[in-house]
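Fold and contact review
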Amino acid sequence: MTQQRDAEEIDDQAMQKGSGMKQKNLFFDEDDLFGRLCSLKALSEGFKAVKRNHGSPGVDGITIEEFESRLVKELNNLKEELESWKYKPQPVRRVEIPKPGKGTGVRLLGVPCARDRVVQATLKHLLEPILDPKFSDNSYGFRPGRNQRQAVEAARKIVSSGKEHVVDIDLSKFFDRVHHDRLIARIALFIPDKRILRLIGMTLRSGVMKDGLVTPTTEGTVQGSPLSPLLSNVVLDELDKELEQRGLEFCRFADDCNIFVGSRKAAERVMRNVSRFIEKKLKLMINQDKSKVSLSKYVKFLGMTIIAGTIAISVQSINRAMAKVKELTPRGTNLTLERTIEKLNSWYIGWSSYYSMTQYPAQLRKIEAHVRRRLRSRVVGQQKRKRNLFKKLVKRNVPRYLVGKALFSNKGRWVLSHTRAVEMAYPNRWFIEEMGLKIRSNEQQAHWFSLDQWIKVT
């Protein structure tokens, strides 16, 4: 109710002061972006977008909930500061999160404070309808109505047409190396309002705070801010236009770009020429260790692999999923089996929702089978003595001769977890029906092959 009253109060103030704002701000009209940015209605919409995305506090420590508790006052202050040019973005709070995979380093994120996020979200809301239609049809990242599945499907169609050789370009620390002046000049081609350009420049150069020390930002866009994805597309749209001018077929999702050609020789030539354009013209760097020329079946694109004209989960993604299962089912733990399964379900529902774009549900079944075996191994390991395990399995209606054959063979817990006796005691349906373990491989989605169909990914 409080939020609704705040929104109504903002709208009422905007309507009552509409004519007054036009007199105070000579630049305000329906086609004036900066005037619209300074309106309470636009800032209110920006706050709603920020609230939907949640997020932790910035350097000022103010949470979204605290900001909302005094929403009308905060938005009025922002409006006045923007109109009088007293607004100055605060430094972002530096956060480091590990990248997927062992030994792959960390990803540097920046967390703006709530008020700066509102301004950036409002800017994005106003600029996106102008900039997005100018972007390439081969760009799928962070755009309305576009997603990873569409990008992977587009890549599959190109490969199926005969262009199986892929130029896989990996940009090194892209978000940290964006050239500010080139970015502003690129935006100016579509947004001539210098007040908007100046505000974006101030946002880009707001600095980063870590351990109480502020470091100036002379290049890069803050990965984690509402405006960053749109700005990254502005930068890389120049690459898209260059590739289109050269007549190349490609798919790009943010800084992940694959170019498809018909031969190895052509792929190597494209790699040389495009690398030169990226480094000399765009002032970006290519990660030579991760960039490569190869057949599509050896290339990972958005966690997937295009192989034999079909979409499969890449071997790297499968291996990371196996490692995650191991992390969630450690040997030495004080968690109950029920709590462990809750954590597994929470991870697997999200993971499988993305990777269900595979056409091979048998890949999901492989993960599910590995989860159950890890849980059976844990049940076996909880019995310190084989005599206790013997009694437990017999109590679960497993024939004594099967239990004896399995237990008195000096096999370890991992081998025992895959024996007929243990699998009879703890069958798949027990985990699914009684313990609530989630499975997805039985959903029979329209694009899936049968569960019996398998393909080897390398």
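What counts and what doesn't
Residues numbered from 1 in each chain as written. Predicted model: local features only at pLDDT ≥ 70, side-chain atom pairs only at ≥ 80, totals over all residues. Heavy atoms only, no water. Helix = DSSP H or I, 4+ residues; strand = E, 2+ residues; numbered from the N terminus. Buried < 20%, exposed > 50% of the residue type's maximum accessible area, 1.4 Å probe, protein only. Contact = heavy atoms within 4.5 Å. Areas by Shrake-Rupley, 256 points an atom, 1.4 Å probe, with all protein chains shown as cover. Lys, Arg positive; Asp, Glu negative; His and termini not counted. Charge placed at Lys NZ, Arg CZ, Asp CG, Glu CD. Axes fitted to C-alpha atoms, helices over the stretch in contact; angles between N-to-C directions. Parallel < 35°, antiparallel > 145°, perpendicular 65-115°, else oblique. Nonpolar A, V, L, I, M, F, W, Y, C, P; charged D, E, K, R; others polar. Polar contact = N/O pair within 3.5 Å; in protein donor to acceptor, adjacent residues only side chain to side chain. Core = buried A, V, L, I, M, F, W, Y, C linked by side-chain atoms within 4.5 Å. Salt bridge = Lys/Arg side-chain N within 4 Å of Asp/Glu carboxyl O. pLDDT = per-residue confidence, 0-100. Disulfide = S-S within 2.5 Å. Pairing = 2+ DSSP bridges. Expected span 1.5 Å × (residues − 1). Arc of directions from axis to C-beta.

Re the overall build of the chain
Helix and strand counts for the chain stand at 20 helices and 10 strands. The buried share of the chain, reckoned over its 458 residues, is 49%. Expressed as a percentage of contacts within the chain between residues at least 6 apart in sequence, the contacts between residues at least 24 apart total 73%. Looking at the chain as shown, the accessible area adds up to about 23,600 Å², and 50% of this sits on carbon and sulfur atoms. If the 83 positive side-chain charges of the chain are averaged to one point and the 52 negative ones to another, these points end up 12 Å apart.

Thoughts on the packing of helix α4 (residues 40-53) against helix α7 (residues 114-131)
It is the contact of α4 with α7, at a shortest axis distance of 8 Å, that shows an interaxial angle of 110°. Comparing the axis directions of α4 and α7 gives the class roughly perpendicular. Judged by residue contacts, Ala 42, Leu 43, Gly 46, Phe 47, Ala 49 and Val 50 of α4 engage Arg 117, Val 118, Ala 121 and Thr 122 from α7. Classifying every residue of the contact of α4 with α7 by side-chain character gives 7 nonpolar, 2 polar and 1 charged.

Looking at the side chain of Ser 39
Among the secondary structure elements, Ser 39 is positioned in the loop between α3 (33-37) and α4. Using a relative accessible area of 11% as the deciding quantity, one classes Ser 39 as buried. Among the polar contacts listed, one links the side chain of Ser 39 to the backbone oxygen of Arg 36, at a separation of 2.7 Å.

Concerning the nonpolar core
One finds Leu 127, Ile 169, Ile 196, Ile 200, Ile 259 and Ile 278 to be the most contacted residues of the largest nonpolar core, which totals 64 residues. The element contributing the most residues to this core is α7, with 8 residues. Not counting the four nearest positions on each side in its chain, Ile 169 is found in contact with Asp 255, Cys 257, Ile 259, Met 271, Val 274, Ile 278, Ile 286 and Ser 291. Residues Leu 328, Trp 347, Val 371 and Phe 390 belong to the second largest nonpolar core, which totals 56 residues.

So, the pattern of salt bridges
Following the criterion strictly, the structure yields 23 salt bridges and no others. Notably, a salt bridge pairs Lys 124 with Glu 128, separated by 3.3 Å at the nearest N-O pair. Separated by 4 residues within a single helix, Lys 124 and Glu 128 lie in helix α7, roughly one turn from each other. On the accessibility criterion, Lys 124 (24% relative accessible area) is partly exposed. Between Glu 327 and Lys 324 there is a salt bridge; the shortest N-O distance is 3.4 Å. Within this pair, Glu 327 and its partner Lys 324 are both found in helix α13 (residues 315-328), separated by 3 residues, close to a single helical turn. On the basis of relative accessible area, Glu 327 is assigned to the exposed category, the value being 54%. Through salt bridges that share partners, Asp 32, Asp 193 and Arg 195 make up one connected network.

Things to note about the packing of helix α9 (residues 180-188) against helix α11 (residues 228-245)
Where α9 contacts α11, the axes come no closer than 10 Å and their chain directions differ by 80°. Comparing their axes, α11 and α9 come out roughly perpendicular. Counting all contacts with α9, which are made through Arg 182, Leu 183, Arg 186 and Ile 187, the residues of α11 involved are Leu 231, Val 234, Val 235, Asp 237, Glu 238 and Lys 241. Across the contact of α9 with α11, the residue classes tally to 5 nonpolar, no polar and 5 charged.

Some points on the confidence of the model for the chain
Of all residues in the chain, 92% attain a pLDDT of 70 or more, and the chain-wide mean is 88. Across residues 1-30, confidence stays below pLDDT 50; counting only partners more than four residues off in sequence or on other chains, it has 28 contacts.

Quick notes on the state of the cysteines
Enumeration according to the criterion identifies 0 disulfides in this entry. Between Cys 113, a free cysteine, and Cys 38, which holds the nearest cysteine sulfur, the sulfur-to-sulfur gap is 17 Å.

With respect to the sheet that holds strand β4 (residues 208-210)
By way of backbone hydrogen bonds, the strands of a sheet pair with one another, either parallel or antiparallel. Strand order in the open sheet formed by 4 strands is β2-β1-β4-β5, and the pairing between neighbours is mixed. Looking along the sheet, the strands with just one partner apiece sit at the ends: β2 (106-111) and β5 (213-215). Adjacent strand axes in the sheet meet at a mean angle of 40°, parallel and antiparallel pairs treated alike. Pairing of β4 with β5, which is carried by 3 bridges, proceeds in the antiparallel orientation. Counted as the bridge partner of Met 209 is Val 214 from β5.

Some details on α4
Along its 14 residues, α4 runs 20 Å from first to last C-alpha, staying within 8% of the 20 Å computed at 1.5 Å per residue. Among the residues of α4, Leu 40, Ala 42, Leu 43, Ser 44, Gly 46, Phe 47, Ala 49 and Val 50 are the ones counted as buried. His 54, located one to two residues past α4, shows a positive phi value of around 55°.

Focus on helix α12 (residues 264-280)
When the terminal C-alpha atoms of α12 are compared, their 24 Å separation across 17 residues agrees well with the 24 Å that a helix rising 1.5 Å per residue should span. Listed as buried for α12 are Ala 266, Ala 267, Val 270, Met 271, Val 274, Ser 275, Phe 277 and Ile 278. Seen end-on, α12 carries its buried residues on one side only, within an arc spanning 160°. The exposed set on the far side of α12, more than 90 degrees from its buried face, consists of Lys 265, Arg 272 and Lys 280. Elements in contact with the buried residues of α12: β3 (165-170), α11, β7 (256-261) and β8 (292-295).

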